[in-house]
Amino acid sequence: MSRDRTRASLVVAARASGRRAPAALLALAALVAAACASGGDAARESVRRVTIVAISDWHGQVEPVTVTAGGRPRPVGGAAALKAYFDRERARNPGRTLVVTAGDAFGATPPVSSFLDDVPAVEAMNLMGLDADTLGNHNFDHGLDRLLKLVGLARFPYVAANVVGPDGATLVPPTHVFDLRGVRVGVIGIANPETPDLVAAGRTGDLRFLPPAPVIHAHASRLRREGADVVVVLAHVGATGVGADGAPLGRLGVLARLVRGVDVLFGDHTDVTVNARVGDTLVVESRSRGLEYAVVEVEHDARLGRVVGARATHRVPYADEIAPDPALAAMVDGWRARVRPLFDRPIGATDAPLRRSRRGESALGNLVADALRAAYGVQIALVNSGGLRDDLPSAYQPAVTALRRPAPGYATGPPWDLVHGDLVTVFPFGNVAVTFTITGRTLWAALEHSVAAGALVGDDFVNASGRFLQVSGVTYRFDASRPPGRRIVEVRLEDGAPVAPDETEYSAATVDFVYGGGDGFTMLHNGTAATREPLSDVVARAVAAGAAGRARVEGRVKLAREGTP
């Protein structure tokens, strides 16, 4: 109750008795009102606000990404612009602002970072003022030695509570506590539990990736006992989409429903925007590569000893709306100058951008699968969508502005010029093509695995898993309303001949990662493979021959409904 309302209520009570309010009563009203005001001020002063700024799946995107906004191309993100935005957020709440991410800030990076062993990604994060990160699956792409070297370069802590060696010790510290002007914020890191299936064999050594929920419970309870006021989880676990109520679907949704004692759960990994409350936990995920960032405001009441509010806002960091940090911009220019001579060589052109997709057939997937099949004269080619890391043209920025590119500062198109740097951006893993023999039964099993992780949301197939297969030489239909493992309805060769789930053999091509069991395709590894050449070289030849201009979605992969032909 306000001071004026308290005084007025006492005076009204006196008048209701038919008497004038005596001086003593008026004095009492003043004292009570003052006490209420003092109590209200104390209550307000006991609430401390903490700001947490978060990006997801940054992948060393030190240069801006071009998006279409308002009908025109605009630059978004990039390390120098992001630092300027982060500095602005820090200035709004000095001493009580953290900047965090939840894995894959290096790994699967554009050539400006990848061809310098991802040192630019970490150096940029240092200058951007990152405060904490955890481990994503792509952090392990080049094995433990490189991972630990890059972690050692970071001027901020890496935390991962669920990655343990044979002795039970964690690879990096499980948690970190920040003291933000008297507010203690405990941060728990959670690596992607699927990592061993998502990277090449041997890249994770003898590490074990534990289920996240029990690990989070244990550390959240410990942090509370040790005096943490706010508990935050950085989890490289993502949503496949959001439901009608805004709640996350997929693995992030499952984890959010299981955790207890967590104030904010930051997801990552799937390039999905999430801003929802699940139980007592605020759940947040952002688009990948710095296309947006989240600002989370957490209010902790010291008098009550608990968090009394948390809310998130997503913001788009348009690089043309802020002055980029000059020191970081100069560093990016230096890295770019070192790699551009290798990657600015034109290799072909395309009349329309070739998009990728993890939810269905894509023009880029068809280009790559067709290139594999044509290169080795096989009947079938299979390409995991997760291996296609950008569209064509990509976010790579050549130095030659006379090239026709769908980005500000270049000559206009279409057609759009493609350079070698585009292929390095799309295929950053150095995967090698392999040819092998596959049976109809194994092909059906692989396709079932391909579509098992997705789900129907309304009439749409929603899927964030990189295992979704792009194909050449075959077509297939699947019914996502059926249980996983029983979704494939029909498989046919290019000429229309049916492929039965039997022991009939076909010649096939894929990449070494998929053939070796990556993304869970363990059924393919049958000892018949022959190693060929880098996938990027195969696709470069196809682009040079004009294949990019012919690639389009053709109906190779179709979503069926129960009872439909």
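So, on to the sheet that holds strand β4 (residues 97-101). One open sheet accounts for four strands, arranged β4-β1-β15-β16; its pairing is mixed. Both edges of this open sheet fall to β4 and β16 (306-315), since each of them pairs with a single strand only. Averaged over all adjacent pairs, the angle separating strand axes in this sheet is 20°, with direction ignored. Here strand β15 (residues 293-301) pairs with β16 via nine bridges, running antiparallel. Across the sheet, the residue bridging to Y293 is R315, located in β16.

Next up on the list: helix α9 (residues 251-258). For α9, the complete set of buried residues consists of L252, G253, L255 and A256. The buried residues of α9 occupy an angular sector of 165° when the element is viewed end-on, so they sit on one face. Buried residues along α9 sit in contact with α8 (212-225), β9 (230-235), β11 (248-249), β12 (264-266), β13 (274-278) and β14 (281-285).

Once that is clear, we can look at the sheet that holds strand β25 (residues 488-493). Here we have three strands laid out as an open sheet, ordered β25-β24-β28, and mixed in their pairing. Every interior strand has two partners, whereas the edge strands, β25 and β28 (557-559), have only one. In this sheet, neighbouring strand axes are inclined to one another by 10° on average, regardless of whether the strands run parallel or antiparallel. Where strand β24 (residues 474-478) and β28 come together, three bridges link them in parallel fashion. The partner of R477 across the bridge, within β28, is K558.

Before going further, it helps to spend a moment on the environment of S465. Looking at where S465 falls in the secondary structure, it is placed in the loop between β22 (460-462) and β23 (469-472). Not counting residues up to four positions away in its chain, the partners in contact with S465 are R358 and A453.

The next thing to look at is the pairing of strand β1 (residues 47-55). Looking along a regular strand, one sees the side chains alternate between the two faces of the sheet. Of all nine residues in β1, seven are buried; the element is thus mostly enclosed. Pairing of β1 with β15 involves eight bridges; the strand directions are antiparallel. Residue R48 lies in a different strand from β15, and its bridge partner there is H300. Summarising the sheet, β1 and β4 pair through five bridges and their orientation is parallel. In the sheet register, I52 faces β4, and the bridge partner there is L98.

Turning our eyes to something else, we now look at the pattern of salt bridges. This model, assessed by the stated rule, comprises 29 salt bridges. Of the charged contacts in the structure, one is a salt bridge between R251 and E194, with a shortest N-O distance of 3.1 Å. Taken together, the positions of R251 in helix α9 and E194 in the loop between β7 (183-190) and α7 (195-198) put the pair 57 residues apart, joining distant regions of the chain. With a closest N to O distance of 3.1 Å, R222 and E226 form a salt bridge. Classification of E226 as partly exposed rests on a relative accessible area of 48%.

Let's shift gears to the confidence of the model for the protein. Here the protein shows a mean pLDDT of 91. Residues at 70 or above account for 92%. In this model residues 1-21 is a low-confidence stretch, pLDDT under 50, and it forms 19 contacts with partners more than four residues away in sequence or in other chains.

Reading the values: the criteria
- Residues numbered from 1 in each chain as written.
- Predicted model: local features only at pLDDT ≥ 70, side-chain atom pairs only at ≥ 80, totals over all residues.
- Heavy atoms only, no water.
- Pairing = 2+ DSSP bridges.
- Helix = DSSP H or I, 4+ residues; strand = E, 2+ residues; numbered from the N terminus.
- Axes fitted to C-alpha atoms, helices over the stretch in contact; angles between N-to-C directions.
- Buried < 20%, exposed > 50% of the residue type's maximum accessible area, 1.4 Å probe, protein only.
- Arc of directions from axis to C-beta.
- Contact = heavy atoms within 4.5 Å.
- Salt bridge = Lys/Arg side-chain N within 4 Å of Asp/Glu carboxyl O.
- pLDDT = per-residue confidence, 0-100.

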